[in-house]
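Understanding the architecture of this molecule
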Amino acid sequence: MTGHERAGGTRPPGRWQIGQREPGHAHPVSGSAPSWAGRRIGIGAALGRVALVLGFAFGSLALGAGYWQVIESANLSTSGDDAAVIAAARNVLRGEILDQDGVRLAWNKLDKNDEPYRVYASDALSGVLGYSTRQFGTSGLENAWNAQLSGVVSADPLRELTRKFQAEPSDPETLRTTLVLQLQEAAVQALGRTRGAVVMLDPRTGEVLALASTPAYDASAVSNPGTSAATFDKLRGDNRAPLLPRATQGLYVPGSSFKIVTSMAALGSGAISPATTYADQPKSEKNGWLIDGYRVRDAHHLFTGDTVLDYREAIEVSCNIYFAQTGVRTGGEALADYAGRLGFGAALPFDLPTEVSQVTNGGGPLPGGFADRVELANAAYGQAEVLVTPLQMALVAATIANDGTLMRPHLVREATGKAGTTTVDPSAIGQVVAPGIAHEIAAAMRLAVNGDWGRFFTSGATVRGLVVAGKSGTAELGSGQPHSWFIGFAPYDNPQVAIAVLVEHSGGGSVKASPIAGQLLRAWRTWSGG
């Protein structure tokens, strides 16, 4: 090949005579027209083609307009950051927010210019209701239901159609929430000066009774025009992150509380049965269980001696080695699948924004996206790359309490305005595991709180006269004190409340989270009369 050919340059001189045709190339006669030049398109065909193009263009515009104005119109008009919603919120008296017993949680006052601003019943509500301000907008439930509270949307479809012709087009609605102020305040008080979160909900309906995050803050001071700027600046500069709603947007290593998720995957997929044991488990308690060069260690229950643990006993003493082996036997695909059924891997369907819980960072070559069997083994007992929100773990407990059915969590029961009332009914997300499997896991969780071995790990979670089922967790972080976890439900025979407690950097599950859970379950019994 010549240099000209390699470079794609001009033809070497002298290879063909001037006027001689190159082999394989057509050479039109001078002055002749291209073959297509003589073809003419009739005016009718041309107009037809233009009409077709225009029809396609206008059809696409119509479909797009129809989608946004019909299918997505409700979502757009009720979005907390919609321009019309924001404008209305600045000029109307917002609807009040009540707890499920009718206690006022948020209402309005007038400033010296007779303009309304928001007032809240308790600082304990800051993590769930958020705030509504002129300068900084809205957050929390105030943002999620901004359109209804400011009256931009109506419960009456006819009123919606004729809104522009009405003298008073806005119809601020009063929200009756699922919250219980008594329990919300008890949760924040129990957490005290620690950083943490509590979620309490009814597993039968998904109604959230308490959604607490600490440290809490004075949302009334944020909303008051006279103190808003200074308060907000102070909160933003606080290294404890009080503006972070930890219950829904805090991501934490779950530790052994995640063993309930592994239980669902292992028993649900048939990888193990309640009678499954591992012959090498007792001796591995001392030296660790070796997998692919890594030793899974678990030396915190050597009192079991040479006992070969079955499933219930492994939950009761929180045996990491049992669950590491169970996770590998179950496989990454099944573990990720059952976690997905519980809501892992996507934002939860909830009134408020939620962070995405995960069982792995993904992208690994093993099924489910795990990097290797070592990661899978560690994930099975809640370490490795597992990250969860407290709300997600409350739903894990609630699913077991509700015979394996996961209910959609929600914060509002009804919205009432001049045009009528819109009711939010309970709805199921899906059946995660069969009722029989849920009952087996529940029985193990009962032992974890009330058994001779289990009481050692869940000290403080027991409540006299109320049988509690649950699972504690100690989330190791590599450095510093671990996070303390407890998830559970009560009463065992007729579950009516599920709970998740997370206390950051506070030691093992029995140190902080379990006693707080016991305290709050006693408060729930007082409130419910149970």
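Residues numbered from 1 in each chain as written. Predicted model: local features only at pLDDT ≥ 70, side-chain atom pairs only at ≥ 80, totals over all residues. Heavy atoms only, no water.

**Re the overall build of the chain**
Across its full length, the chain carries 21 helices and 17 strands. Scored against the burial criterion, the 530 residues of the chain give a buried share of 48%. For the chain, the proportion of contacts with a sequence separation of at least 24, taken over those separated by at least 6, is 67%. Carbon and sulfur atoms form 53% of the exposed surface of the chain, whose accessible area is close to 24600 Å². (Helix = DSSP H or I, 4+ residues; strand = E, 2+ residues; numbered from the N terminus. Buried < 20%, exposed > 50% of the residue type's maximum accessible area, 1.4 Å probe, protein only. Contact = heavy atoms within 4.5 Å. Areas by Shrake-Rupley, 256 points an atom, 1.4 Å probe, with all protein chains shown as cover.)

**A few points about helix 13 (residues 259-269)**
Where burial is concerned, most of helix 13 is hidden: 9 out of the 11 residues are buried. Of all the residues in helix 13, the buried ones are Lys259, Ile260, Val261, Thr262, Ser263, Met264, Ala265, Ala266 and Leu267. Positive phi appears at Gly270, one or two residues downstream of helix 13, with a value of about 85°.

**Focus on the pattern of salt bridges**
A full pass over the atoms with the stated rule returns 14 salt bridges. One salt bridge in this structure joins Arg134 and Glu115, with 2.9 Å as the shortest N-O distance. Taken as a pair, Arg134 in the loop between strand 4 (132-133) and strand 5 (137-138) and Glu115 in the loop between strand 2 (104-110) and strand 3 (116-120) lie far apart in primary sequence, 19 residues in all. For Arg134, a relative accessible area of 29% corresponds to the partly exposed category. Overall, the relative accessible area of 38% leaves Glu115 in the partly exposed class. Between Asp337 and Arg341 there is a salt bridge whose closest N-O contact spans 3.1 Å. In this pair, Asp337 and Arg341 both sit in helix 17 (residues 332-342), 4 residues apart, roughly one turn of the helix. (Salt bridge = Lys/Arg side-chain N within 4 Å of Asp/Glu carboxyl O.)

**A short note on the packing of aromatic side chains**
Taken as a whole and judged by the stated rule, the model has 10 aromatic pairs. Residues Tyr278 and Tyr322 carry aromatic rings whose centres are separated by 5.1 Å and whose planes lie at 75° to one another, so their mutual orientation is edge-to-face. With a gap of 44 residues between them, Tyr278 in the loop between helix 13 and helix 14 (281-287) and Tyr322 in helix 16 (residues 320-330) connect regions that are remote in the sequence. Classification of Tyr322 as buried rests on a relative accessible area of 0%. (Phe/Tyr/Trp six-rings, centres within 6.5 Å; stacked < 30°, edge-to-face > 60°.)

**Some points on the sheet that holds strand 2**
With mixed pairing, the 6 strands of this open sheet are ordered in space as 3-2-1-6-12-13. Bordering the open sheet on either side are strand 3 and strand 13 (420-423), each of which pairs with just one other strand. Examined bridge by bridge, strand 6 (residues 174-177) and strand 12 (residues 412-417) share 4 bridges and lie antiparallel to one another. Within the sheet, the bridge partner assigned to Thr177 lies in strand 12 and is Val412. (Pairing = 2+ DSSP bridges.)

**Describing empty space enclosed by the protein**
Under the defined criterion, the tally for this structure stands at 1 cavity of 30 Å³ or more. What the largest cavity holds in volume is close to 40 Å³. Every residue lining the largest cavity is listed: Leu201, Asp202, Pro203, Gly206, Leu395, Ala398, Thr399, Thr405, Leu406 and Met407. For the lining of the largest cavity, the secondary-structure elements that each account for two or more residues are helix 19 (390-401) and strand 11 (405-407). (1 Å grid on protein atoms, 1.4 Å probe; cavity = no way out; pocket = protein on both sides within 12 Å on 5 of 7 lines; lining within 4 Å. Points joined across faces, edges and corners; volume = space filled by probe spheres on them.)

**Thoughts on the layout of surface pockets**
Considering only enclosed or pocket space, the second largest pocket measures out at about 340 Å³ in volume. Examining the composition of the lining of the second largest pocket, we find that 4 residues originate from one element, strand 15 (residues 469-475), more than from any other. A breakdown of the residues in the lining of the second largest pocket according to their chemical character gives 3 nonpolar, 12 polar and 3 charged. (Nonpolar A, V, L, I, M, F, W, Y, C, P; charged D, E, K, R; others polar.)

**Quick notes on the packing of helix 13 against helix 17**
It is the contact of helix 13 with helix 17, at a shortest axis distance of 9 Å, that shows an interaxial angle of 115°. The chirality of how helix 13 crosses helix 17 is right-handed. Residues Val261, Thr262, Met264, Ala265, Gly268 and Ser269 of helix 13 form the contact with helix 17, whose own contacting residues are Ala334, Leu335, Tyr338, Ala339 and Leu342. Considering only residue class, the contact of helix 13 with helix 17 consists of 8 nonpolar, 3 polar and no charged. (Axes fitted to C-alpha atoms, helices over the stretch in contact; angles between N-to-C directions. Left-handed = near helix turned anticlockwise from the far one by under 90°.)

**With respect to the side chain of Thr138**
Relative to the elements of secondary structure, Thr138 occurs in strand 5. A distance of 2.9 Å separates the side chain of Thr138 from the side chain of Asn143, its partner in a polar contact. In this view, Thr138 contacts Tyr131, Ser132, Asn143 and Asn146; residues no more than four positions away in its chain are not counted. (Polar contact = N/O pair within 3.5 Å; in protein donor to acceptor, adjacent residues only side chain to side chain.)

**Let's talk about the side chain of Thr326**
Here Thr326 lies in helix 16. Using a relative accessible area of 1% as the deciding quantity, one classes Thr326 as buried. In contact with Thr326, not counting residues within four places along its chain, are Thr262, Ala266, Ile272 and Tyr278.

**Thoughts on the environment of Arg413**
Structurally, the position occupied by Arg413 is in strand 12. Each residue touching Arg413, except ones within four places of it in the same chain, is listed here: Gln100, Arg176, Thr177, Thr178, Glu207, Thr422, Thr423 and Val424.

**With respect to the packing of helix 13 against helix 19**
Contact pair helix 13 / helix 19: the axes reach a minimum separation of 10 Å and the direction vectors enclose 45°. Looking at the two axes, helix 13 sits oblique to helix 19. Note on packing geometry: the crossing formed by helix 13 with helix 19 is left-handed. On helix 19, the residues that touch Ile260, Val261 and Met264 of helix 13 are Val396, Thr399 and Ile400. (Parallel < 35°, antiparallel > 145°, perpendicular 65-115°, else oblique.)

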